[in-house]
Amino acid sequence: MSPPELTSRNWLGKAAAGAILGYVLALGISGLCYWALGAAGQGLSTRAQFTMWLISPIWCLILSFCFLFRSGLRAWAVLSLCCAPVWLALYATGALS
Amino acid sequence: MKLRTDIVKMYKEIHGWVGIISGLCLFVAFYAGAITMFEHSLQRWASPASTLPAPVALERVPELVDKVIAADPRAAKAYTVHLQTGTEEPARVSWSIASDKRDEHAPQTTFYGALDAKGQLVVQSAGPSPVGGFIDQLHQQAGLMIGTEPGLLLMGVVSLLYAIALVSGVIVLLPSLVKDLFATRLGRNAKRMWLDLHNVLGLFSLPFHIIMALTAVVFAFHDPFYASQGATFSNAMERPARPAGKPPTPPGPPPAPVSPATVVASLAHELPGFTPKELRYGTAPNGTPSLQVRGEDPRYGNRGPNFTVAILDPATGTVTGPDYLGGQQDGWGALLTGFFTLHFGSFGGIAIRWAYFVMGLAGAFLFYTGNLLWVESRRKRERRQSGPVVQSRATRILGALTVGAPLGCVAGSAVTIAAAKPLAAVATLGLHSAIYHAVFFGFVAWALVRGSARAAIELLPGAALALLTIPLASLAFSARFETSVPALDAIAVVACGLLVLIWRATLTRVRQGPRDSVWSLEAATPQGPAPREETAQ
């Protein structure tokens, strides 16, 4: 069975998921890196700045490839499922409390 | 490489739409960005001879600074000592006062201080030309004139679209990559030719474009990025690092800042190879004094567009903050400096500046060919549907904008640069902006009224003439300007010659090209083969 054809017609739902959840995911991953690198310190450390830079490529990649989802609904669902463990892990580090 | 045809088709459509939305803004950003590669030369060309007394020797700077602060106490908070002075930086000491304290992007007035022969303070607000700053602003906000913050955010969105356009463009090209890459078919088929050019330019400059897209997203969005990090995790993680209960400021007034002569001497000892250019005495957010030194070190990439940064202890002049300093920073700092310097082209000296200049112009041309392709492919689709060719309003408008906006940008920046000479001391950022936008919107309006074909023939010589105003201004005002930059005049003449060549090619195309093209004069005239055209408006 061949997978269903992709089209650019339902771009809005997919792009919105990529823009919003893509940003949430990128921010979460930057937070995990912030914790893992021990970027916290007085003022803005170079590690902390690096985690800010990380947001850009992650967000851009998700935005570019979110069109490969079959529908806007699937994009929202799958990206939500990706965000959940990242933000749960970030919560577990105690950084969100 | 094989890819599913529906994926390629989908990304082709996405590439077209994100491209057409962001293309004209990107053209302006890249064209102006290419000029900023030589901002220093532009400033030397554009700045009138200063009427300030000659800069005092470094040893007398404390005396000058004391007199400045006595005359204008606001200068005590932040002032800059310029170690390298010249036409483009006439004063030893300058200080800037913001018109609105709450807004860090608010326009500032800069004052320049000097001592005359009797040791009296002379203060002027007329300094070097603001045209370099205007071109920089044009680069950052594409001349959108919606304020700095909204302009940055909008350019951030444009940068995101640009990133999507890069990925989708590569996906579209992948299946035919081997077949198409080295085949540039410059023939009768105009669309094929533009597509081949677009592909070869896009693919070979892809690393440059990836750098620009990713860094531009950060430059535009770094305030929101830091704010959202702070709102979620970074503030919370930082709290334990601050020792509680300790008074934030030491008792008593801070020690007097170290004198510039001492700083220069200690830097020569501590950082051999680093040439300081300016000492920025300032005040940290917590009220304590700060000292930042900007300078050059050709051995390393620069953190800034044309400077690298050392943070010093203002009381002793020793380096305390090596984070931004090539050779002293840790690996993370070096990585960050890499991101900045790759965007600014501030590494590897003059050769890289020229390379970035060429790549910036090539990027602008890439977006122009992209727009042309959008117009060309729309045209074809309509021919299939409706038989007799009537270009849709969208195609006509975008065709006209594709001609008017880039040529308007080229002409507008040329005229506003040339205007620096006659304006001289009365030039302001606002005046340069007004001149640029008057020319830009004039070109765009002309293109919309006359249609793309006629506008191209009429506006190309206009833009060529606009470029000629630069060497003409050099000649006409040579008496009032101490420095000349012949290379800048020469580039303007070469660019003018290129536009004349393009003009001649366009004339041929307009006369001999296919009648159903948006570039055909016949299609644009009411008595042509398309009677419904234009009468419907």
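All of these numbers come straight from a predicted model, not from anything done at the bench.

A count of helical and extended segments in chain B gives 17 helices and 8 strands. The proportion of buried residues among the 537 residues of chain B is 43%. Within chain B, contacts between residues at least 6 apart in sequence are counted, and of these 69% link residues at least 24 apart.

With that settled, the discussion passes to the overall build of chain A. Within chain A one finds 3 helices and 0 strands. Written out in order from the N terminus, the α and β elements of chain A read α-α-α. Seen along its three principal axes, the alpha-carbon backbone of chain A occupies a region of about 55 × 25 × 20 Å. Looking at chain A as a whole, 43% of its 97 residues are labelled buried. Of the contacts formed within chain A by residues at least 6 apart in sequence, a portion of 80% connects residues at least 24 apart.

Turning to the interface of chain A and chain B, a few remarks are in order. Of the residues lining the interface, 31 residues belong to chain A; the matching set on chain B comes to 34 residues. Within the residue set of the side of chain A that touches chain B, elements represented by two or more residues are helix 1 (11-36) and helix 2 (46-65) of chain A. Take the side of chain A that touches chain B: its biggest share by element is 13 residues, from helix 2 of chain A. A breakdown of the residues in the side of chain A that touches chain B according to their chemical character gives 18 nonpolar, 11 polar and 2 charged.

Once that is clear, we can look at helix 15 (residues 452-476) of chain B. Between the first and last C-alpha of helix 15 of chain B there are 35 Å, a value that for 25 residues agrees with the 36 Å anticipated at 1.5 Å per step. Where helix 15 of chain B bends most, at B:Ile470, the angle is about 30 degrees, and the proline B:Pro471 comes one to four residues later.

All names here are of chain B. The pairing of strand 1 (residues 79-82) with strand 5 (residues 275-283) spans 4 bridges and is classified as antiparallel. Its bridge partner lying in strand 5, Val-81 is registered against Leu-279. Sheet topology note: the strand 5/strand 6 (residues 289-296) ladder contains 8 bridges and is antiparallel. Each residue of the ladder has a partner; that of Arg-280, found in strand 6, is Gln-292. Between strand 5 and strand 6, which pair antiparallel and follow one another directly, the connecting turn spans 5 residues, one of which, Gly-287, has a positive phi of 95 degrees.

Attention now goes to the domain arrangement of chain B. Residues and elements named next belong to chain B. Here the domain parsing of chain B yields domain 1 (5-43 + 147-207 + 349-524) and domain 2 (49-128). Placing a centre on the C-alpha atoms of domain 1 and another on those of domain 2 gives a separation of 40 Å. Listed as interface residues are 10 residues of domain 1 and, on the opposing side, 7 residues of domain 2. Only helix 2 (39-46) and helix 5 (148-173) provide two or more residues apiece to the side of domain 1 that touches domain 2. Along the lines of polarity and charge, the residues of the side of domain 1 that touches domain 2 split into 3 nonpolar, 4 polar and 3 charged.

The subject of this paragraph is the packing of helix 4 (residues 131-141) of chain B against helix 12 (residues 393-418) of chain B. Residue and element names in this part refer to chain B. Across the interface, helix 4 lies against helix 12 with an axial gap of 10 Å and an inter-helix angle of 160 degrees. In terms of axis orientation, helix 4 runs roughly antiparallel to helix 12. In this structure, helix 4 crosses over helix 12, and the sense of that crossing is right-handed. Across from Val-131, Phe-134, Ile-135 and Leu-138 in helix 4, the residues of helix 12 making contact are Ser-413, Thr-416 and Ile-417. For the contact of helix 4 with helix 12, the class distribution of residues is 5 nonpolar, 2 polar and no charged.

On to the sheet that holds strand 6 of chain B, then. Residue and element names in this part refer to chain B. Strands sit in the order 4-3-2-1-5-6-7-8 across an open sheet of 8 strands; the sheet is antiparallel. Of all strands in the sheet, those with a lone pairing partner are strand 4 (121-124) and strand 8 (319-321), marking the two edges. Averaged over all pairs of adjacent strands, the angle between strand axes in this sheet comes to 30 degrees, irrespective of strand direction. Sheet strands in contact with helix 9 (residues 260-270) are strand 1, strand 5, strand 6, strand 7 (308-312) and strand 8, and its direction is about 125 degrees off that of strand 5.

Here strand 6 of chain B runs beside strand 7 of chain B; their pairing, made up of 5 bridges, is antiparallel. Bridge pairing links B:Gln292 to B:Ile311 in strand 7 of chain B.

Residue and element names in this part refer to chain B. Along the chain, Val-158 falls in helix 5. The buried category is assigned to Val-158, around which 24 C-beta atoms lie within 10 Å. For the pair Val-158 and Gly-127, spaced 31 residues apart in the sequence, the C-alpha separation amounts to 34 Å.

All right, on to helix 7 (residues 190-204) of chain B then. With 15 residues, helix 7 of chain B ought to run about 21 Å at 1.5 Å a step, and its terminal C-alpha atoms sit 21 Å apart, in line with that. Among the residues making up helix 7 of chain B, those that are buried are B:Leu195, B:Asp196, B:His198, B:Asn199, B:Leu201 and B:Gly202.

Residues and elements named next belong to chain B. Helix 4 packs onto helix 1 (residues 5-36) with a crossing angle of 145 degrees between their chain directions and a minimal axis gap of 7 Å. Along this stretch, helix 1 crosses helix 4, giving a crossing that reads as left-handed. Facing helix 1, whose interface residues are Val-28, Ala-29, Ala-32, Gly-33, Ile-35 and Thr-36, helix 4 presents Ile-135, Asp-136, Leu-138 and His-139. Taken together, the residues of the contact of helix 1 with helix 4 sort by class into 6 nonpolar, 3 polar and 1 charged.

All names here are of chain B. Here chain B averages 86 in pLDDT, while 89% of its residues score no lower than 70. Between the elements of chain B, mean pLDDT differs from a low of 57, seen in helix 17 (residues 521-524), to a high of 95, seen in helix 14 (residues 429-450). This model gives residues 240-247 a pLDDT under 50, and the stretch forms 4 contacts once residues within four places in sequence are excluded. The low-confidence segment residues 525-537, where pLDDT is below 50, has 14 contacts with residues more than four positions distant or belonging to other chains.

In this section: the nonpolar core. Core analysis: the largest hydrophobic core is formed by 135 residues, its most contacted members being B:Phe27, B:Val28, B:Ala163, B:Val217, B:Ala414 and B:Ala463. Ranked by residue count, the leading element in this core is helix 1 of chain B, at 16 residues. Discounting residues that sit within four places of it in the chain, B:Val217 has contacts with A:Ser56, A:Cys60, B:Gly156, B:Ser159, B:Leu160 and B:Ala163. Judged by nonpolar contacts, the second largest core, of 29 residues, contains B:Val93, B:Tyr112, B:Ala114 and B:Val258.

Residues and elements named next belong to chain B. Note on placement: Trp-17 falls in helix 1. Look at Trp-17 and you get partly exposed, because 16 C-beta atoms sit within 10 Å. Note: C-alpha distance between Trp-17 and Ala-495 (478 residues apart in sequence) is 30 Å.

With that settled, the discussion passes to unusual backbone geometry. Residue and element names in this part refer to chain B. In this model, Ala-142 sits at a positive phi of 55 degrees, which is unusual for a non-glycine residue. By the element assignment, Ala-142 lies in the loop between helix 4 and helix 5. Although it is not a glycine, Ala-424 adopts a positive phi angle of roughly 45 degrees. As for its placement among the helices and strands, Ala-424 is situated in the loop between helix 13 (420-423) and helix 14. Since 17 C-beta atoms lie within 10 Å of it, Ala-424 is described here as partly exposed.

Conventions adopted
- Residues numbered from 1 in each chain as written.
- Chains lettered and ligands numbered in written order.
- Predicted model: local features only at pLDDT ≥ 70, side-chain atom pairs only at ≥ 80, totals over all residues.
- Helix = DSSP H or I, 4+ residues; strand = E, 2+ residues; numbered from the N terminus.
- Buried ≥ 20, exposed ≤ 12 C-beta atoms within 10 Å, placed from the backbone.
- Contact = placed C-beta atoms within 7 Å.
- Nonpolar A, V, L, I, M, F, W, Y, C, P; charged D, E, K, R; others polar.
- Expected span 1.5 Å × (residues − 1).
- Bend = angle between axes of the 7 residues up to and from the residue.
- Pairing = 2+ DSSP bridges.
- Domains from an automatic or database assignment.
- Axes fitted to C-alpha atoms, helices over the stretch in contact; angles between N-to-C directions.
- Parallel < 35°, antiparallel > 145°, perpendicular 65-115°, else oblique.
- Left-handed = near helix turned anticlockwise from the far one by under 90°.
- pLDDT = per-residue confidence, 0-100.
- Core = buried A, V, L, I, M, F, W, Y, C linked by C-beta atoms within 7 Å.

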